[in-house]
Every structure is written in C-alpha cells, then in structure tokens.
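# Commentary on secondary and tertiary structure
Spelled out, the chains give:
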Amino acid sequence: MGNDAVLRGILVIDDDATNLRMLQEILKPAYKVYASPSGERALNFLENRIPDLIMLDVEMPGMSGYEMLKRLKGDERTASVPVLFLTAQEGRDKEEEAFRLGAVDYILKPVTAGVVRARVDLHIELGDYRKRLEKLVNQKAERLGRMRNSTLKILSGVTAWRDGGVSGHIERTTAYVSLAVKGLSEADDPAYRVTPQYGDCVIKASRLHDIGHVAIPDSILLKPGPLLPEEFAVMKTHTVIGAAIIDEAINDLCDDSSFLTAAREIVISHHERWDGTGYPNALSGEDIPLSGRIMAIADTYDSIAAGNPHKAPLSHGEAVRIIRDETGSHFDPRMIEILGDAFPTFADVRA
Ligand SMILES: [Fe+2]
Ligand SMILES: [Fe+2]
C-alpha cells in the first residue's frame, strides 16, 4: 500500500488476455500496472487517473491503437504521457505511422521481459527528466516575470516622480485601464473583445504610457496653467521619445514580446484621436491600436477628473460628459458604447 504511492503507473491496453497478463507479470516488480482490454475501457480509466506511461496494442477490435493514440494526443490531460506501441507486424509504414501520431517507441510482439523492461525504464526516465526540465523552465519564467514587474515598478516610479511625485496619475490611469479591459473582455464584438493575456499586457503596459515625460523639461511638464503652442509642441514629443526608449529594449532583446509590443503601442498612440487630428502620427479610426484607444479614454478621464499642472480638476460627471461629447471625434464610438456601464466604476477609483 505504502509503496503504491511512489511506484510509477503504467497503463497497458491490449485485447489479448495472455499478452496483457504477461506484460503485467514483467512490469509488476517495478511498476503499478493497470490493464485494459480495449481502448474504450482505457478511456474510462483515464477519466480518473493519468498514468506515467501507456503501452498500446495496435491491432484491436473496436477502437484501433492508432485511433486511441489520436485521442490521447488530442486531450491535453494525456497529450504528454509517453505511449509505447505494441505491434505484431514489422513494417516501415506501421512504424512511421506510429511515430507520426506521437508514439515514443514501439515493441514487437511476442514481447520478451528484457526488451519490455529496458524500453519502459528508459521512457519512464526520459519522462521524469522532461518533467524536471519543465518545472525548471516554469520556475525561471516565473522569476523573469517577477523581475519584469519590479523593473516596471521602477520605471513607472521614475515617471511618477517626474510628474510631480504625488499626483497618482499613473496609479489611477492603470486602474481605469483595468476597468476598461474588464468591460471589453465581455464584448460581443470580436474586434473589441480583449483576451485575458492581451488585457494583462495592456494593464501592465499602461503604467509606462507617459514614460517619455522623463525627457520633457520641468518648465513645460510642470508649468502651472496652459501651455503655449511652442511648449505644447515639445510636450507632444513624449510619445515618440517614449517609443524610442521601448524600441531600444525591443532591439536589445531581439524579441518583440507581447508586453513590449503593447507598451510601445500605448506609448506612441495614446494621444491619437479617432478623427485623425491627434498626435504624433495623425492616425484615425481602427488604425489606432486598440490599446491606444483604451489608454486615451483612461488618460483623458484622469486629466479632467484629477486635473494636471496645466488645468484644474472637474467633477466625475463633467469628465464623463466631456468624453461623451468627444465620442467620434476624440474617442472610438463603439468602444465608448461597450464601456458605458464601466464609467460609474471610474468614480469609485477617483474617490
Ligand atoms: Fe501622455
Ligand atoms: Fe498620461
């Protein structure tokens, strides 16, 4: 009983009872063996338990071994379990078919104890090795993710301090972006429906939307009151400077990971306007990335409802009214329609 917990499980599927018994005898000393006389019965068994290895007879009445193998590989619960084929006929085409469908090896019948043990031991060991590697890769990926998050915190902290330190603009816009992403995740329209992975990227990347502010002189960035046209021209460059900063990271890594792509999109496009009168590229409509259109709403709402050095804050109601007025000129009308229910929740964040 106590031993079963540590023994590796092997499922043997063969319609020939003699063969089934023989394999059980060979494997019993080292493994926990489950025997199944047909593919159908084996599928039932697999509902409750996933073995470490499967031995599968090719020729069976009912579901053939090939069909069974296809099922195993098509189910994510069993796709990575190594399968050893048992075949009575030698033939290149049979072997090739088995490997093509995903078997790791095959054993010719009649089987001998030495060959069965050697092959099974080898593939169990390889399976263990693969699992250890997978675990290691996952640990590394998790560590990388944590490092990326802390780098992100440092960078957004730098931007926040450049913006006057205590304004909270980045924290709040990230919260508005999260609410918008949540609203869009349930959108009926596939062009607006945000997947969890993309949504996560957009939320994290939104923290960097104003990273280009680091290059804008204090006299402009923190100027009390409205900017002069020549000052506004300098202010506008925070989009292209921010994109250039992220481009360097993309080139350095030789990889445009979905996060960096989303960050670049947001940084360069959060001041574009639906009617094409925005900056820096005067993009219009759906040429503006979805992430940039989301950010534009969050960013504008916050700069109205919390104000910025250049203008005094207005109420939540005023901010929503201005956004509605500017729908179709500044903002994507379909997106505003989908997000209709999300706006009241913006007020909670603001408070
Ligand atoms: Fe900006
Ligand atoms: Fe902003």
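See above for the structure.
These notes cover the structure that comes with them. (Residues numbered from 1 in each chain as written. Chains lettered and ligands numbered in written order. Predicted model: local features only at pLDDT ≥ 70, side-chain atom pairs only at ≥ 80, totals over all residues. Heavy atoms only, no water.)

## Quick notes on the pattern of salt bridges
One pass over the full model with this rule turns up 24 salt bridges. Residue Glu 318 pairs with Arg 321 through a salt bridge whose shortest N-O separation is 3.3 Å. Of this pair, Glu 318 and Arg 321 both sit in helix α13 (residues 316–325), 3 residues apart, which is roughly one turn of the helix. Classification of Glu 318 by relative accessible area gives partly exposed; the value is 29%. Residue classification places Arg 321 among the partly exposed residues on the basis of a relative accessible area of 39%. (Salt bridge = Lys/Arg side-chain N within 4 Å of Asp/Glu carboxyl O. Helix = DSSP H or I, 4+ residues; strand = E, 2+ residues; numbered from the N terminus. Buried < 20%, exposed > 50% of the residue type's maximum accessible area, 1.4 Å probe, protein only.)

## Looking at empty space enclosed by the protein
Where empty space is left becomes clear once a probe the size of a water molecule has been rolled over the atoms. For the structure shown, the criterion picks out 2 cavities of 30 Å³ or more. Forming the walls of the largest cavity are 10 residues, and the residues nearest its centre are Thr 87, Lys 94, Glu 95, Ala 98 and Tyr 106. Listed by contribution, the elements that provide at least two residues to the lining of the largest cavity are β4 (83–87) and α4 (92–101). Here the lining of the largest cavity is composed, by residue class, of 5 nonpolar, 3 polar and 2 charged. When its volume is computed, the second largest cavity comes out at roughly 40 Å³. Surrounding the second largest cavity, Glu 272, Arg 273, Trp 274, Ile 288, Gly 292, Arg 293, Ala 296, His 330, Phe 331 and Asp 332 form its lining. Considering only residue class, the lining of the second largest cavity consists of 4 nonpolar, 2 polar and 4 charged. (1 Å grid on protein atoms, 1.4 Å probe; cavity = no way out; pocket = protein on both sides within 12 Å on 5 of 7 lines; lining within 4 Å. Points joined across faces, edges and corners; volume = space filled by probe spheres on them. Nonpolar A, V, L, I, M, F, W, Y, C, P; charged D, E, K, R; others polar.)

## Focus: the packing of α13 against helix α15 (residues 343–350)
Running from amino to carboxyl end, α13 crosses α15 at an angle of 140°, the nearest separation of the two axes being 10 Å. Taken together, the axes of α13 and α15 lie oblique to each other. As α13 runs across α15, the sense of the crossing is right-handed. When α13 is examined against α15, the residues His 316, Val 320, Ile 323 and Arg 324 are found in contact with a partner set consisting of Phe 343, Pro 344, Phe 346, Ala 347 and Arg 350. (Axes fitted to C-alpha atoms, helices over the stretch in contact; angles between N-to-C directions. Parallel < 35°, antiparallel > 145°, perpendicular 65-115°, else oblique. Left-handed = near helix turned anticlockwise from the far one by under 90°. Contact = heavy atoms within 4.5 Å.)

## Quick word on the environment of Leu 101
Assignment of secondary structure puts Leu 101 in helix α4. Spatially, the C-alpha atom of Leu 101 lies 19 Å from that of Val 120, the residues being 19 residues apart in sequence. Other than its neighbours up to four places away in sequence, Leu 101 contacts Tyr 66, Leu 69, Lys 70 and Lys 73.

## What to know about the environment of Val 181
By the element assignment, Val 181 lies in helix α6 (residues 169–185). Through-space distance from the C-alpha of Val 181 to that of Asp 200 is 8.5 Å; in sequence the pair is 19 residues apart. The residues touching Val 181, leaving out its near neighbours within four places in the chain, are Val 194, Gly 199, Val 202 and Ile 203.

## Overview of the coordination of the iron ion (ligand 1)
Ligation of the iron ion (ligand 1) by protein atoms is provided by Asp 210 (OD), His 238 (NE2), His 270 (NE2) and His 271 (NE2), these donors lying 2.1 to 2.3 Å from the ion. Between the 4 donor atoms coordinating the iron ion (ligand 1), the angles at the centre fall across 85 to 176°, so the site counts as irregular. Mapped onto the sequence, the donors of the iron ion (ligand 1) take the spacing D-x27-H-x31-H-H. Separating the iron ion (ligand 1) from the iron ion (ligand 2) is a gap of 3.9 Å, bridged by Asp 210, which donates to each. In this pair, His 238 sits in helix α10 (residues 238–253) while His 271 sits in the loop between α11 (258–269) and α12 (290–305), placing the two residues 33 residues apart along the sequence. For His 238, a relative accessible area of 1% puts it in the buried group. (Donors = N, O, S within 2.8 Å, 3.2 Å for Na, K, Ca; no water. Tetrahedral: all angles 85-135°; square planar, octahedral: opposite > 155°, others 65-115°.)

## Side note on the coordination of the iron ion (ligand 2)
Coordination sphere of the iron ion (ligand 2), protein contribution only: His 169 (NE2), His 209 (NE2), Asp 210 (OD) and Asp 299 (OD), at 2.1 to 2.3 Å. Angles of 79 to 175° at the metal separate the 4 donor atoms of the iron ion (ligand 2), which places the site in the irregular class. Each donor residue of the iron ion (ligand 2) belongs to the same chain, and together they define the spacing H-x39-H-D-x88-D.

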